[in-house]
Amino acid sequence: MNKEIVLNQLRRTLTLVLPFFETDPAMLARTYAPGKWTLKQILAHLTDSEIHFQSRVRLILSEPGCAITPFDQDKAMKVLAFPQRSVLLMRRMFVDARECLIELVDYLPEPIFGRAGVHPEYPTYRAWDVVTKTSTHTMHHFGQLTAIREGTIWTPSAVVQE
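Owing to the predicted nature of the structure, the values given are computational and were not obtained by experimental measurement.

Some thoughts on the overall build of the protein
Alright, step 1. Helix and strand counts for the protein come out as six helices and two strands.
Alright, step 2. If you list the helices and strands of the protein from N to C, you get α-α-α-α-α-β-β-α.
Alright, step 3. Its C-alpha atoms give the protein principal-axis dimensions of about 45 × 30 × 30 Å.
Alright, step 4. Out of the 162 residues in the protein, the part that is buried amounts to 46%.
Alright, step 5. With the model as given, the accessible surface of the protein reaches about 8500 Å², and the carbon-plus-sulfur share is 58%.
Alright, step 6. Of the charged side chains in the protein, 18 are positive and 17 negative, and the gap between their average positions amounts to 3 Å.

This is how it looks when you write it as structure tokens:
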């Protein structure tokens, strides 16, 4: 894994998503397809995921071989009051978690990110896997956010480049 490439991806995906936290309230209520999450729900999910990824990386780095528990995004959506959450607070949490991860990757030696934890859904689950998943996960949802902004239907094969 190339640390500079990873850092650039983390910074780039942060920059791409930030404007969506400043969207007008009417846009926050829109979805990319009938029955799908609203823009606000996607932002809440991204924020919570960022915190999960941050926690997982730190746990794996400090306690190699640790057990990593999966989380169910749909249960979180039902229980964690996604529609009522403050977008400004979500933005701060998202930015802070991402910047802490960037700092961690920047300061620590590259080989340490080869440490692994045990995740029931993956045969290997290294700290690098979690770090890179942070960017790819953000890009996945960036496609949905962009579709909402443009008023188009998003499909998983629709890759957005910006």
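What follows continues from the structure just given.
Observations concerning the pattern of salt bridges
Pairing of side chains with opposite charge becomes possible as their charged atoms draw close.
Alright, step 1. Enumeration according to the criterion identifies five salt bridges in this entry.
Alright, step 2. For Asp 48, the salt bridge is made with Arg 85, and the minimal N-O distance between the two is 2.9 Å. Here Asp 48, found in helix α3 (residues 39-62), pairs with Arg 85, found in the loop between α4 (73-79) and α5 (87-107); they are 37 residues apart in sequence, far enough to count as distant.
Alright, step 3. Overall, Asp 48 belongs to the buried group, its relative accessible area being 13%.

Reading the values: rules and limits
Residues numbered from 1 in each chain as written. Predicted model: local features only at pLDDT ≥ 70, side-chain atom pairs only at ≥ 80, totals over all residues. Heavy atoms only, no water. Helix = DSSP H or I, 4+ residues; strand = E, 2+ residues; numbered from the N terminus. Buried < 20%, exposed > 50% of the residue type's maximum accessible area, 1.4 Å probe, protein only. Areas by Shrake-Rupley, 256 points an atom, 1.4 Å probe, with all protein chains shown as cover. Lys, Arg positive; Asp, Glu negative; His and termini not counted. Charge placed at Lys NZ, Arg CZ, Asp CG, Glu CD. Salt bridge = Lys/Arg side-chain N within 4 Å of Asp/Glu carboxyl O.

Taken by themselves, the reported measurements are silent on function.
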